Amino acid sequence: MPTTERSALMYYRSMGEFPTSRHVTFQTSDGRETFEEFIGEEGFSGTASHLYHLGIPANLVDSRVWDLGDLSTQTNTPLRPRHFRLPDLFPAGSHQGKDLVRHRRLVLGNDDVRISYVVADSPSPLFSNGIGDEVVYIESGEADVESVFGTLRVRQGDNVVIPRVTIHRWVPVDVEKNGPLKAYCVEATGHVEIPEKYLTRFGQFLEGAPLTERNMRGPVGPLLAPAELADQDTEVYVKHGSGADVHGAVVVYDHHPFDVVGWDGYLYPYAFNYRDFSPVTGKILQPPPTYQILQGHNFVICNFVPRMLEYGEGAITVPYYHSNVDADEVMFYYAGETAARKGTGIGNASVSLHPAAYTHGPTRQAYLNSVGAAESKEMAFMVDTMNTLRVGEGALACDDPNYPWTWAGRRTPKSDG
Ligand SMILES: [Fe+2]
C-alpha cells in the first residue's frame, strides 16, 4: 500500500514572468515589484512551485467560521454491501444556485479520504483545501478551474487533481448547453500521486503505462483578477484539520489572490480524461490494479473504461468473485452498462460499496453469460480504501435497501420472510 507523501505530478511547467534565480527581488517587465511564494510539500523537501505575486500573499485581515454542514458518519452496521443512488440527492432543478465547493453531500469517509457528490450551476467562492489534495471526477458538464496557477478547462470524463492549499474556484461553463456540473469529489488527507509502477526513477511515464505526459493538461496562465477587484478585500473558503477535527473558515485577504504574474515548478492542478486511458486487456481477465490511475495514503483510484474483452477460450469477462481482504471497494458508475451488476438496480451515477469481509462479484447469470462477450462499455471510477469506510448523510439519504440481497435473487433479507 502506498504510504509516500510524494507529490502530485513530477513534471516541470512554467508560465509568465519570474527571475532566473530563486529568492531574489524581481520586477515585472513593466516595473512592478513582485513577492515570491514557495508552495511546497513535505516542508521544504518535497515537490514545489514558486509563485511571484504583485501583493503580499500573507495579508490576512479577517477570519470567521465556515459551517461545513453535516460531516458526521456512521458505521456500516449490520455489515452489508450498499448501493447509493446519487441522483436522488439532487432532484431536477435543485442544483440551481449551488456551487461545487459549498454544496457537496458527504457519501462515505474515513480519516484518509472523504467522498462526496454535488450538482451545481453557479461559480464557487475561492477555496483552499488545507486537508489534502482533491481528485474531482467530472460526471457531466464543463467548467473552468481558476487558480493562482491559471485556468484549467475541464469537461465530462476528466479526473481533476488539485493540490492541497491551491486557492481556486470552480466556474461552470455554458450551463444551458452543457447542463449543470455534476462532480464526484474525492478529498484526500495528504497527497495523491501517479502510481510509481508507471514511472521511471526520474518520474517520466514508462513505456506501457496507460497514460503519458501528453494526456496531462495543466493550467493556462497567468490569471490576474480584473483591475476593479485586485485591491478589494477577498474571501477564501478554507478546510482544515483531520478526522473529527475537520473544520471550515472564511479568511479574508486585503487583495485578490489572483495576482500571480509568473510561476514555475512541479506542483499545480492538472487533469486527464478517461478517454485517454489505454487499458491493457489480455487472454484472460486482467485484475483491477491494471486500471489504477492515482493513489493516496491508504487508498487507490482506478478508471474502468470501455475496452475489448478477454479472448481466451472459456475466459470469464466480468470480475470473478473476490474478497478484497484489505480494502473497502467503492464504485461510481458514471455511464455505460456494468455487465457484472446488471439487473441489480445499479444505474448511472450509482455508487456501490463492497466492504472488506464480504465476497462480491457478478450475479450467477452474468458470470456464466460473460464468456464470449467481445466488448465492454463499462465506465466507472473506483476508490479502494485500506481502512473501513463510514457512511455519510448523503449516502443515508439515497440508500437502496434491496441491493444487498440481489446476488441471491431476493428483494428483502430472509429474516423479513
Ligand atoms: Fe470488486
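Positions within a chain are numbered from 1, following the residues in the order the chain's sequence is written. With the structure being a predicted model, the display of local features is reserved for residues of pLDDT at least 70 and the display and counting of side-chain atom pairs for 80 or more, all residues being used for whole-chain, interface and lining totals. Water and hydrogen atoms play no part in the side-chain values, which are based on all heavy atoms of the structure.

**Student:** An account of the overall build of the protein is requested, with residue identities and associated values reported.
**Tutor:** Per the secondary structure count, the protein includes 4 helices and 30 strands. For this measure, only C-alpha atoms enter the radius of gyration; the expected value for a globule follows 2.2 Å times N^0.38, where N is the number of residues. For 417 residues, the compact-globule formula gives about 22 Å, and the C-alpha radius of gyration of the protein, at 22 Å, lands near that figure. Projected onto the principal axes, the alpha-carbon positions of the protein cover approximately 75 × 45 × 40 Å. Taken over 417 residues, the protein has a buried fraction of 54%. Note on definitions: a residue-residue contact is assigned when non-hydrogen atoms from the two residues lie within 4.5 Å. Of the contacts formed within the protein by residues at least 6 apart in sequence, a portion of 75% connects residues at least 24 apart. Working definition of accessibility: Shrake-Rupley area with a 1.4 Å probe, residue cover restricted to the visible protein chains. Entry remark: accessible area of the protein is about 18,500 Å², with carbon and sulfur atoms responsible for 51%. In this text, helices come from DSSP runs of H or I with a minimum length of four residues, and strands from runs of E with a minimum of two, each type numbered from the N-terminal end. For every residue, the accessible area obtained with a 1.4 Å probe (protein chains only) is divided by the maximum for its type, and the residue is called buried under 20%, exposed over 50%, and partly exposed between those limits.

**Student:** So what's going on with the sheet that holds strand S6 (residues 82-85)? Residues and values would help.
**Tutor:** Strand pairs in the sheet, formed through backbone hydrogen bonds, run parallel or antiparallel to each other. Only strands joined by at least two bridges in the DSSP assignment are considered to pair. With respect to topology, 7 strands assemble into an open sheet ordered S6-S26-S25-S29-S22-S21-S16, the strand pairing being antiparallel. Each having just a single partner strand, S6 and strand S16 (192-193) make up the two edges of the open sheet. In the sheet, S6 pairs with strand S26 (residues 350-354) via 4 bridges, with the strands oriented antiparallel. Each bridged residue has a counterpart across the sheet, and for Arg85 the counterpart in S26 is Ser350.

**Student:** Tell me about the coordination of the iron ion, and please be specific about residues and values.
**Tutor:** Put simply, the ideal angle at a metal is 109.5 degrees for four donors in tetrahedral geometry and 90 or 180 degrees for six donors in octahedral geometry. Coordinating N, O and S atoms are those within 2.8 Å of the metal (3.2 Å for Na, K and Ca), and as water is not part of the atoms, a site may appear to have fewer donors than expected. Binding of the iron ion to the protein goes through His322 (NE2), Glu329 (OE), Glu329 (OE) and His360 (NE2), at separations of 2.0 to 2.6 Å. Site shape is set this way: if four donors have all angles between 85 and 135 degrees, tetrahedral; if opposite donors are over 155 degrees apart and all others between 65 and 115, square planar for four donors and octahedral for six; otherwise irregular. What the 4 donor atoms of the iron ion show is an angle range of 55 to 173° at the metal, which sorts the shape as irregular. For the iron ion, the donor residues sit on a single chain with the sequence spacing H-x6-E-x30-H.

**Student:** Any details on the pairing of strand S3 (residues 48-53)? Residues and values, ideally.
**Tutor:** For S3, a buried count of 6 out of 6 residues is recorded, marking the element as mostly surrounded by other parts of the structure. Residue alternation in S3 divides its side chains into two sets, Ala48, His50 and Tyr52 and Ser49, Leu51 and His53, and both sets are buried. Here strand S2 (residues 35-40) runs beside S3; their pairing, made up of 6 bridges, is antiparallel. Following the sheet pairing, Gly40 is matched in S3 by Ala48. Two elements, S3 and strand S19 (residues 260-265), share 5 bridges in a ladder whose sense is antiparallel. Pairing of His53 across the sheet is with Val260, part of S19.

**Student:** Go over the packing of aromatic side chains with me, naming the residues and quoting the values.
**Tutor:** Any Phe, Tyr or Trp ring, taking Trp's six-membered ring, that has another such ring centre within 6.5 Å forms a pair; planes under 30 degrees apart are called stacked, those over 60 apart edge-to-face, and the others tilted. For the coordinates displayed, the defined rule picks out 23 aromatic pairs. Taking the centre distance of 5.5 Å and the plane angle of 25° together, the rings of Tyr321 and Tyr367 count as stacked. Here Tyr321 is found in the loop between strand S23 (307-308) and strand S24 (322-323), whereas its partner Tyr367 is found in helix H3 (residues 364-369), with 46 residues between them in sequence. On the basis of an interplanar angle of 40° and a centroid distance of 6.4 Å, the ring pair of Phe332 and Tyr334 is categorised as tilted. An identical accessibility class is assigned to Phe332 and Tyr334; each is buried. Following the ring pairs from residue to residue traces out a cluster consisting of Phe90, Tyr117, Tyr137, Tyr184, Tyr274, Phe332, Tyr334 and Phe381.

**Student:** Go over the side chain of Asp158 with me, naming the residues and quoting the values.
**Tutor:** Tracing the sequence through the fold places Asp158 in strand S13 (residues 158-162). Given a relative accessible area of 0%, Asp158 falls into the buried group. N or O atoms within 3.5 Å of each other form a polar contact, as long as, within protein, one can give a hydrogen and the other can take it, and as long as residues adjacent in sequence are counted only when both atoms are side-chain atoms. A polar contact of 2.7 Å, which involves the side chain of Asp158, links it to the side chain of Arg217. What Asp158 contacts, discounting residues up to four positions off in sequence, is Val136, Tyr137, Ile138, Arg153, Arg217, Ala271, Phe272 and Asn273.

**Student:** Run through the nonpolar core, naming residues and quoting values.
**Tutor:** Within soluble globular proteins, side chains that are nonpolar tend to cluster in buried spots. Grouping buried Ala, Val, Leu, Ile, Met, Phe, Trp, Tyr and Cys residues that are joined through side-chain atoms within 4.5 Å yields what is termed a nonpolar core. Among the nonpolar cores identified, the biggest contains 99 residues, and Trp170 and Tyr184 are the most heavily contacted of them. Residue-level mapping places this core at the junction of two domains, with at least three residues from each of domain 1 (61-76 + 90-224 + 267-273) and domain 2 (275-400). Where each domain begins and ends is defined by an automated method or by a domain database.

**Student:** Kindly report on the domain arrangement of the protein, identifying the contributing residues and their values.
**Tutor:** Segmentation of the protein into domains returns domain 1 (61-76 + 90-224 + 267-273) and domain 2 (275-400). Computed from C-alpha coordinates alone, the two centres of domain 1 and domain 2 are separated by 22 Å. Of the residues lining the interface, 42 residues belong to domain 1; the matching set on domain 2 comes to 37 residues. Simply put, the buried area is the total loss of 1.4 Å probe accessible area from both parts when two parts are fitted together. For the domain 1 and domain 2 pair, buried surface summed over both sides reaches about 3,600 Å², with 56% attributable to carbon and sulfur atoms. Contact with domain 2 buries surface across domain 1, with Leu108, Asp112 and Tyr184 losing the most and accounting together for 16% of the total. Salt bridge, as used here, is a side-chain nitrogen of Lys or Arg placed within 4 Å of a carboxyl oxygen of Asp or Glu. On the surface where domain 1 and domain 2 come into contact, there are 1 salt bridge. Of the charged contacts in the structure, one is a salt bridge between Glu393 and Arg105, with a shortest N-O distance of 2.8 Å. The tally of links between domain 1 and domain 2 comes to 21 residue pairs in polar contact (both at pLDDT 80 or more). Of all the elements in the fold, those that place two or more residues in the side of domain 1 that touches domain 2 are strand S5 (73-74), strand S7 (105-109), strand S8 (113-120), strand S10 (134-140), S13, strand S15 (181-188), S16 and strand S20 (270-273). Ranked by residues supplied to the side of domain 1 that touches domain 2, first place goes to S7 with 5 residues.

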